[in-house]
Amino acid sequence: MEQSFTTQFIFSLLDDMCAARNNDEALLSLKINLHALLPCQSMSILALAADQQLNTLISTESAYTQLTWPICELFERAFHEKVVVIDDVTQDLEFMTQPETIRNDWQKVLIFGLHFADHKGIILFHLSPDSTLSLIDRSKLLALEAVFKSLFLQVQQQHALSLLVKERTSALKNSEQRFKTYAELASDWFWEIDDELKYVYLSNSDNEIKYNKYQHFLGKTPVELRSQNESTQLKKWGHFLHILNQREPVIDFEYEVKGAHGQDFWISLSGRAQFDERDQFCGYLGIGKDISYIKHREFEIQAAKEKAEQASAAKSRFLAVMSHEIRTPMNAIIGMLELLEDTGVNEQQLEYLEYIRSSTGLLLTVISDTLDFAKIESGTIELESNVVNLERLINNITKQFETQSVKQGLAFNVSISSSVPTLIMGDAHRLAQVLFNVLGNAFKFTRQGSVSLCVDKVDQDITFTIRDTGIGMNAYTISQLFKPFTQANSSSQRRHEGVGLGLSIAKQLLNLMQGDIQCRSELGQFTEFYFYLPYQAAEQSDSPNKSLAEQKVARLSILVAEDNLANQMVIKALLEKRNHHVTLAENGEVAVILSKAHSYDLVLMDMMMPVMDGLTATKLIRETFTDVQLPIVALTANASLADKQLCLDVGMNDVLTKPVDSRLLAQKVAHYAKAH
């Protein structure tokens, strides 16, 4: 009968636990059903963790649900004996190691141990103080082991599931929060348009600022939302609609939107077409970004760029005008000096002329350096690529310093290695400018001793070493040497003239030619400049016995179109000095009329003249004389490559730059006399 009662009782307990909606109800049901057998104030189920700690899975008292229990001998006994009873926990040294809350509140405890194949558990019964432990029927408790195990497994499974759900929920919340934070920082929002291309969803409804800014998008298409400026961009929007019609991805499509409150702003859209289960197009999903700040910065940068370009263009125009206005009188001054020397001046007058010539040369160097620096700085300087007779170029440059070396009492030594090629491809004028600047610097700062130039070939580079025994420099001066407008001595008492551009220009020109320059020096001892440039060998059979300027040239009839009276007189005198017949024209219109009325062997044409400029006049002459190739040489103060190209484009044969070197003028005349 007892056995039947026990079996019926067990099945009743199991039915109650199965009917419970959760673990709390199941545990409470067990507590109530066991009250007659085991009156207790609370029940707790513990599970042994991997760290050998017992964690509370569930308890009928909420105060005990978060407790962790250290493993002790009492619990170990319970795993083997199943039932362990403690009549007074305050007297049990083993139980005193448990949480303080338990030691203070509990007095009598029954421990039921559960031992499974791969894990262990404990059911703790916190008994009433008036419970008589000797009357507890241990056999009945042992008979309930199956109930206890079933409840433990149920609680453990739901607890594990609860932890997993909690962990996944926490991870999901963290991910969502992280995503929201990133989206806010990136000013991104999400959108959806339907198959009619109307906005049906925006993700910014939880943000008041974004809600007010974008809510008017709903029910409208991007085309309907575009600003007045955007409506004129037909090609842009035609391409956008073509992408949508082809269901292609939209990537960073930028456009200006009409604001809900009248203030337009810029957005960028990216998205992909969406299709339903029947593969029917149902709209686009994507992200949007407010790019107003970026666009405003772009507009500011573009405006600044255009302003800088306008300033650069104005600067270039100013430099062109300044070049013309300065070089034109300089041409007259230099020409007059040469003509004055031919008038039989005495020795003292010749000395005065030499001083004037020297000052004129210095002024011309300053003008050229300033203009060259401005071109380099603005990136408008261009290099020519022609056949250069390197040996002849070096000899021409060094000859200009031989007289200076004699006057200063300096030894001037020039050495050209036999490995140096005679002919190379390059810009002879710019290479000569570099060599002249560096050599001039050496002579300028050397009072006694010597100056030497050594030219050699190292691999595919031509190297130049210029050494002097001058005043030398310290390390700081060398570090500042190639900076523009910097001089070794910039005080008002300095002995040497110049604006500090020569070496800066030399370095920048060498850099343009893929070369470089270096300097080493010791104060009061020496200075040595070393520079190199890559070269490309050239072949040309050009070895005349006499230069064109030295050959006798037949008397030519030359038309000179020049508006400046002083330059008219100088050029006329220089040409008549060589027995040529000269006709003057004060502007391009007169030059065209004269060229039609008379037959000339050569025309020297200024670019900038009143009434009609030289370019227009040349075009008209070329249109008139289609069968006769009348040589026309530009004689201009405009010294840039662009100006020279303009002259050649309109039909001129050559260009001479003012101030005109009389020897170069004679060479050009001789060349075209021979061709004619």
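A brief structural summary.

What counts and how
- Residues numbered from 1 in each chain as written.
- Predicted model: local features only at pLDDT ≥ 70, side-chain atom pairs only at ≥ 80, totals over all residues.
- Heavy atoms only, no water.
- Helix = DSSP H or I, 4+ residues; strand = E, 2+ residues; numbered from the N terminus.
- Contact = heavy atoms within 4.5 Å.
- Axes fitted to C-alpha atoms, helices over the stretch in contact; angles between N-to-C directions.
- Parallel < 35°, antiparallel > 145°, perpendicular 65-115°, else oblique.
- Left-handed = near helix turned anticlockwise from the far one by under 90°.
- Nonpolar A, V, L, I, M, F, W, Y, C, P; charged D, E, K, R; others polar.
- Core = buried A, V, L, I, M, F, W, Y, C linked by side-chain atoms within 4.5 Å.
- Buried < 20%, exposed > 50% of the residue type's maximum accessible area, 1.4 Å probe, protein only.
- Salt bridge = Lys/Arg side-chain N within 4 Å of Asp/Glu carboxyl O.
- Polar contact = N/O pair within 3.5 Å; in protein donor to acceptor, adjacent residues only side chain to side chain.
- Pairing = 2+ DSSP bridges.

## A short note on the environment of Cys647
Take Cys647: it is sitting in helix 19 (residues 641-649). Taking the C-alpha atoms as reference, Cys647 lies 8.7 Å from Thr618; in sequence the two are 29 residues apart. With sequence-adjacent residues up to four places away left out, Cys647 is seen in contact with Met607, Leu615, Ala634, Met652 and Val655.

## Describing the packing of helix 17 (residues 588-597) against helix 18 (residues 614-624)
One way to put it is that helix 17 packs onto helix 18 with a least axis distance of 9 Å and a crossing angle of 20°. As judged from the angle between their axes, helix 17 and helix 18 are roughly parallel. In this structure, helix 17 meets helix 18 at a crossing whose hand is right-handed. Of the residues in helix 18, those in contact with Gly588, Val592, Ser595 and Lys596 of helix 17 are Ala617, Leu620, Ile621 and Thr624. Broken down by class, the residue content of the contact of helix 17 with helix 18 amounts to four nonpolar, three polar and one charged.

## With respect to the nonpolar core
In summary, soluble globular proteins display a tendency toward joint burial of nonpolar side chains. One finds Leu435, Val438, Leu439, Phe464, Phe529 and Phe531 to be the most contacted residues of the largest nonpolar core, which totals 40 residues. If you list the elements that add at least two residues to this core, you get helix 12 (390-408), helix 13 (428-444), strand 15 (450-458), strand 16 (461-468), helix 15 (502-512), strand 17 (516-522) and strand 18 (526-534). Top element by residues in this core is helix 13. It accounts for eight residues. The residues touching Phe464, leaving out its near neighbours within four places in the chain, are Leu390, Ile394, Leu431, Leu435, Leu453, Cys454, Val455, Phe529, Tyr530, Phe531 and Leu533. Counting residues in each nonpolar core, the second largest holds 33 residues, with Leu13, Ala47, Phe125 and Leu141 among its members.

## A short note on the pattern of salt bridges
As enumerated under the stated definition, the model contains 14 salt bridges in all. Residues Asp516 and Lys507 are paired through a salt bridge, measuring 2.8 Å at the closest nitrogen-oxygen approach. With a relative accessible area of 23%, Lys507 lands in the partly exposed category. Taken together, the shared-partner salt bridges connect Lys82, Glu145 and Lys149 into one network.

## Points about helix 2 (residues 23-33)
Three- or four-residue spacings in an α-helix give side chains the same orientation, since the helix completes a turn every 3.6 residues. Of all the residues in helix 2, the buried ones are Asn23, Ala26, Leu27, Ser29, Leu30 and Lys31. Capping the start of helix 2 is the job of one residue whose side-chain oxygen sits 3.1 Å from the backbone nitrogen of Asp24: Asn22.

## Overview of the sheet that holds strand 17
Taking strand neighbours across the sheet as the criterion, the five strands line up as 13-15-16-18-17 in an open arrangement whose pairing is mixed. On the outer flanks of this sheet lie strand 13 (411-416) and strand 17, each paired with one strand and no other. Each adjacent strand pair in this sheet contributes to an overall mean axis angle of 10°, direction not counted. Relative to strand 18, strand 16 runs antiparallel, the two being bridged by eight bridges. Among the inter-strand pairings, Thr465 is bridged to a residue of strand 18, identified as Tyr530.

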